[in-house]
Amino acid sequence: MSMAAATPVTIALRELLNAHCGELLALLAKHAATNPKIFGSIVRGTAREGSDIDPFPVHLLKQPISESALSDAVAL
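Residues numbered from 1 in each chain as written. Predicted model: local features only at pLDDT ≥ 70, side-chain atom pairs only at ≥ 80, totals over all residues. Heavy atoms only, no water.

### Overview of the overall build of the protein chain
The cut-off we apply is this: Runs of H or I in DSSP of at least four residues are treated as helices and runs of E of at least two as strands, each being numbered from the N terminus. Relative accessibility decides the category of a residue: with a 1.4 Å probe and only protein chains considered, values under 20% of the type maximum give buried, values over 50% give exposed, and everything between is partly exposed. Here, residues are in contact when the closest pair of their heavy atoms is within 4.5 Å. Residue exposure ignores everything except the shown protein chains as possible cover, and the areas themselves are Shrake-Rupley values with a 1.4 Å probe.
Secondary structure summary: the protein chain contains 4 helices and 2 strands in total. Put simply, the protein chain runs from its N terminus to its C terminus through helices and strands in the order α-α-β-α-β-α. Out of the 76 residues in the protein chain, the part that is buried amounts to 18%. Looking at the protein chain alone, contacts between residues at least 24 apart form 58% of all its contacts between residues at least 6 apart. For the protein chain, the accessible area works out to roughly 5,700 Å², and carbon and sulfur atoms hold 62% of it.

Right, dumping it as structure tokens:
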């Protein structure tokens, strides 16, 4: 992974995430998603105009995921 400085768009998206962190966590909790991770260009620091924020909610399950839970994850 490159150690280059983050792009201005990356910085703006990170600030947006920080500003709305509580709302994002509440949405994920509503769908029983836990331990969210962000991946993609925002993590690499290479975001540009048109880039989006890629959340990956991780479920810590003790049983197989149900079809409805999978639908909830896709809805996020």
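The rest of the description comes next.
### Some remarks on the nonpolar core
Here is the rule: Grouping buried Ala, Val, Leu, Ile, Met, Phe, Trp, Tyr and Cys residues that are joined through side-chain atoms within 4.5 Å yields what is termed a nonpolar core.
Formed by V9, L13, L17, I42 and A47, the largest nonpolar core amounts to 5 residues. It is helix 1 (residues 8–19) that contributes the most residues to this core, 3 residues altogether. Setting aside residues no more than four positions away along its own chain, A47 makes contact with T7, V9, T10, L13, S41 and I42.

### Here we look at helix 1
Because an α-helix packs 3.6 residues into every turn, residues spaced three or four apart end up facing the same way. Going by this rule: Multiplying 1.5 Å by the helix residue count minus one yields the expected span of that helix. The directions considered for the arc are those from the helix axis to the C-beta atoms.
End to end, helix 1 covers 17 Å across 12 residues, agreeing with the expected 16 Å (1.5 Å per residue, within 8%). Buried residues of helix 1: V9, T10, L13 and L17, and no others. Projection of helix 1 onto a plane perpendicular to its axis shows the buried side chains occupying an angular sector of 100°, all on one side. Looking at helix 1, the residues exposed on the side facing more than 90 degrees away from the buried face are P8, E15, N18 and A19. Against the buried residues of helix 1 lie helix 2 (21–30), strand 1 (34–39) and helix 3 (41–44).

### Things to note about the environment of A33
Within the secondary structure layout, A33 lies in the loop between helix 2 and strand 1. For A33, a relative accessible area of 10% puts it in the buried group. A33 sits 23 residues away from F56 along the chain, and the two C-alpha atoms are 9.1 Å apart.

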